[in-house]
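Listed below, chain by chain, are the residues.
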Amino acid sequence: RVYQLSPITWLRVEGQSCTMELPEYALKGLQLLADPSHFSDKTFHILVEAAFESLLNPQTDGATLDHAELGNLDLTLVKQCNVAIATCVLEAGKQNADASTISTVLEDCRLGGERIDLFCATYQVWCPLYSIVLFCKNCRFTAN
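Residues numbered from 1 in each chain as written. Predicted model: local features only at pLDDT ≥ 70, side-chain atom pairs only at ≥ 80, totals over all residues. Heavy atoms only, no water.

Draft legend 1. Summary view of the overall build of the protein. Regarding its fold elements, the protein presents 6 helices and 3 strands. In sequence order, the secondary structure elements of the protein are arranged as β-β-β-α-α-α-α-α-α. Here the protein holds 144 residues, and the buried ones make up 42% of them. Looking at the protein alone, contacts between residues at least 24 apart form 65% of all its contacts between residues at least 6 apart. Carbon and sulfur atoms provide 54% of the accessible area of the protein, an area that totals close to 7,800 Å². (Helix = DSSP H or I, 4+ residues; strand = E, 2+ residues; numbered from the N terminus. Buried < 20%, exposed > 50% of the residue type's maximum accessible area, 1.4 Å probe, protein only. Contact = heavy atoms within 4.5 Å. Areas by Shrake-Rupley, 256 points an atom, 1.4 Å probe, with all protein chains shown as cover.)

Here it is as structure tokens:
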């Protein structure tokens, strides 16, 4: 379900526990992450871990781009996907999204099952830390 709001396209996913909305730039970045011709499983994993870590530790942000596995990739592509992951994570945290809602967003962006599982597992690990930092009352994310 994509809606046009002024010049920006948004994806709105209504889950059982919340509604997540992502802007067009995040959707495009997540769609690029879904394409194995852009990112191998290994580089996908590295980028997801780095994006999650950079949200809590901004000093690591530059180190993400220096990773040897990412060295042969287009820097603009890496940055776009890093921002897309961060946007998705922050929206999920803001909405206190559950696994089903996050999975639906990622499925709509054409990520495969293994990549969705990795993203959700990483989110589950980092969610309590984000909750503390963002002063959220609790983290409702539960693995299936």
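Draft legend 2. Spotlight on the state of the cysteines. As enumerated under the stated definition, the model contains 0 disulfides in all. Free cysteine C109: the closest other cysteine sulfur is in C88, separated by 7.5 Å. (Disulfide = S-S within 2.5 Å.)

Draft legend 3. Region of interest: the packing of helix 1 (residues 24-34) against helix 4 (residues 75-95). At a minimum axis separation of 8 Å, helix 1 and helix 4 run at an interaxial angle of 115°. Between helix 1 and helix 4, the crossing angle belongs to the class labelled roughly perpendicular. At the point where helix 1 passes helix 4, the crossing takes the left-handed sense. Together, Y25, A26, K28, G29, L30, L32 and L33 of helix 1 and L77, Q80, C81, V83, A84, I85, T87 and C88 of helix 4 make up the contact between the two elements. Residue composition of the contact of helix 1 with helix 4, by class: 11 nonpolar, 3 polar and 1 charged. (Axes fitted to C-alpha atoms, helices over the stretch in contact; angles between N-to-C directions. Parallel < 35°, antiparallel > 145°, perpendicular 65-115°, else oblique. Left-handed = near helix turned anticlockwise from the far one by under 90°. Nonpolar A, V, L, I, M, F, W, Y, C, P; charged D, E, K, R; others polar.)

Draft legend 4. Highlighting the pattern of salt bridges. Applying the stated criterion across every chain, the model contains 3 salt bridges. Two residues, E24 and K28, come together in a salt bridge whose shortest N-O distance is 3.3 Å. Remark: K28 and E24 occur in helix 1; sequence separation between them is 4 residues, near one turn of the helix. Residue E24 is classed as partly exposed on the basis of its relative accessible area, which comes to 28%. The closest approach of N and O atoms between D41 and R115, which form a salt bridge, is 3.1 Å. (Salt bridge = Lys/Arg side-chain N within 4 Å of Asp/Glu carboxyl O.)

Draft legend 5. Inspection of helix 4 at higher detail. Counted at 1.5 Å a residue, the expected span for helix 4 with its 21 residues is 30 Å, and the 30 Å between its end C-alpha atoms agrees. Capping the start of helix 4, D74 holds a side-chain oxygen 3.2 Å from the backbone nitrogen of T76, two or three residues further along. Following helix 4 by one or two positions, N96 adopts a phi angle in the positive range, close to 55°. (Expected span 1.5 Å × (residues − 1). Polar contact = N/O pair within 3.5 Å; in protein donor to acceptor, adjacent residues only side chain to side chain.)

Draft legend 6. Region of interest: the nonpolar core. Counting 35 residues, the largest nonpolar core has L30, I85, I102 and F119 as its most contacted members. For this core, the elements supplying multiple residues, two or more each, are strand 3 (19-23), helix 1, helix 2 (41-56), helix 4, helix 5 (99-108) and helix 6 (113-133). With 8 residues, helix 4 is the single largest residue contributor to this core. Those residues in contact with I85, other than ones at most four positions away along the chain, are L30, L33, L47, V48, A51, F52 and F119. (Core = buried A, V, L, I, M, F, W, Y, C linked by side-chain atoms within 4.5 Å.)

These figures capture arrangement, not role.
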